[in-house]
Amino acid sequence: MNDNLTLEEKSNQELWNRRISDHMKSWYDIDNFKKGDSSLDEIQIKEVGNVNGKHLLHLQCNIGIDTLSWARKGAIVTGIDFSPKAINIAKKLKKETNIDAQFVCSNIFDLKENINKKFDIVYTSQGVLGWLKDLSKWASIISHFLKPNGMFYIMEIHPFVNIFDYFAQEPIIVHSYFNSEKPVSYKENEKFKGYEWTWSLSDIVNSLIKENFTIKFLNEYDKIFGKTHSFMERTDKNWWHISGLKIPLMFTLKAIKQEKE
Ligand SMILES: C[S@@+](CC[C@H](N)C(=O)[O-])C[C@H]1O[C@@H](n2cnc3c(N)ncnc32)[C@H](O)[C@@H]1O
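All values derive from a computational prediction rather than experimental measurement.

Trainee: Hey, could you go over the sheet that holds strand β4 (residues 119-125) for me, with residue numbers and the actual values?
Mentor: By way of backbone hydrogen bonds, the strands of a sheet pair with one another, either parallel or antiparallel. The mixed open sheet is built from 7 strands, whose spatial order is β3-β2-β1-β4-β5-β11-β8. Edge positions in the sheet fall to β3 (101-105) and β8 (213-221), since each of these pairs with one other strand and no more. The mean inter-strand angle of the sheet, taken between neighbouring strand axes irrespective of direction, is 15°. Relative to strand β2 (residues 76-81), strand β1 (residues 55-59) runs parallel, the two being bridged by 5 bridges. Pairing of Leu56 across the sheet is with Val77, part of β2.

Put into structure tokens, the structure is as follows:
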């Protein structure tokens, strides 16, 4: 792990190190995962398709449960995250479940210095883009790690829902939909400060198009993988929604890396 972190990234790294144990309790069903369950939902499994024998790079993998779930489906996996605490737990889970995987602790923006390999699939999901200061660089890093005709897949919070107050009991607009260079900052537990950047749907899609990706699909859903806002309700095991309101809460996107002309 190198230390090329900006002040904001350093603060986010401390925040994520502190969050890990709560995140593990609230986000993942670790007991059932250890018994053999997958953390992957039916949409990702269908949209990503067959991963058997494919080399898969998972960006911002947190404690690696999704990474290890792709390995259970036959992928040869590498997970990366900049939280040393998260990566240590991922390595422990790998041992406990006897699944073959590689976990690397790295800032995504320093990844070229830390991994020397090309992949068939680059995958990332569920609460990732807000932590990233530069989407153009992000897209170029994805392109760098993919083999020609390799696939990028993302399942993410829809940018539209990020305009609402996270803690209010009903949807109240408090944030801009569009990117401003400065991140939004907030305090967690009085001690830890988080910084999040806003990216619109066009920022995300255009960052990939500029890197010569062909977009295979962009899907929008009125349900989401977790309770990102207080006013969301659970509909079943995997999904939350907003009762009586049909707005986009989540998107998925698949893109193929074309060779540069
Ligand atoms: C919401 S989690 C990722 C989603 C994952 N599927 C999960 O729910 O556990 C966000 C992750 O991004 C990581 N992260 C944030 N900024 C990063 C950066 N610049 N480089 C690498 N990882 C980063 C955090 O450490 C955290 O594990």
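Trainee: Go over unusual backbone geometry with me, naming the residues and quoting the values.
Mentor: Positive phi outside glycine occurs at Gln60, with the angle close to 55°. As for its placement among the helices and strands, Gln60 is situated in the loop between β1 and α4 (65-72). Even without glycine at this site, Gln126 takes up a positive phi of about 65°. In this structure, Gln126 sits in the loop between β4 and α7 (135-145). Residue class for Gln126 comes out buried when judged on the 20 C-beta atoms lying within 10 Å of it.

How each quantity is defined
- Residues numbered from 1 in each chain as written.
- Predicted model: local features only at pLDDT ≥ 70, side-chain atom pairs only at ≥ 80, totals over all residues.
- Pairing = 2+ DSSP bridges.
- Helix = DSSP H or I, 4+ residues; strand = E, 2+ residues; numbered from the N terminus.
- Axes fitted to C-alpha atoms, helices over the stretch in contact; angles between N-to-C directions.
- Buried ≥ 20, exposed ≤ 12 C-beta atoms within 10 Å, placed from the backbone.

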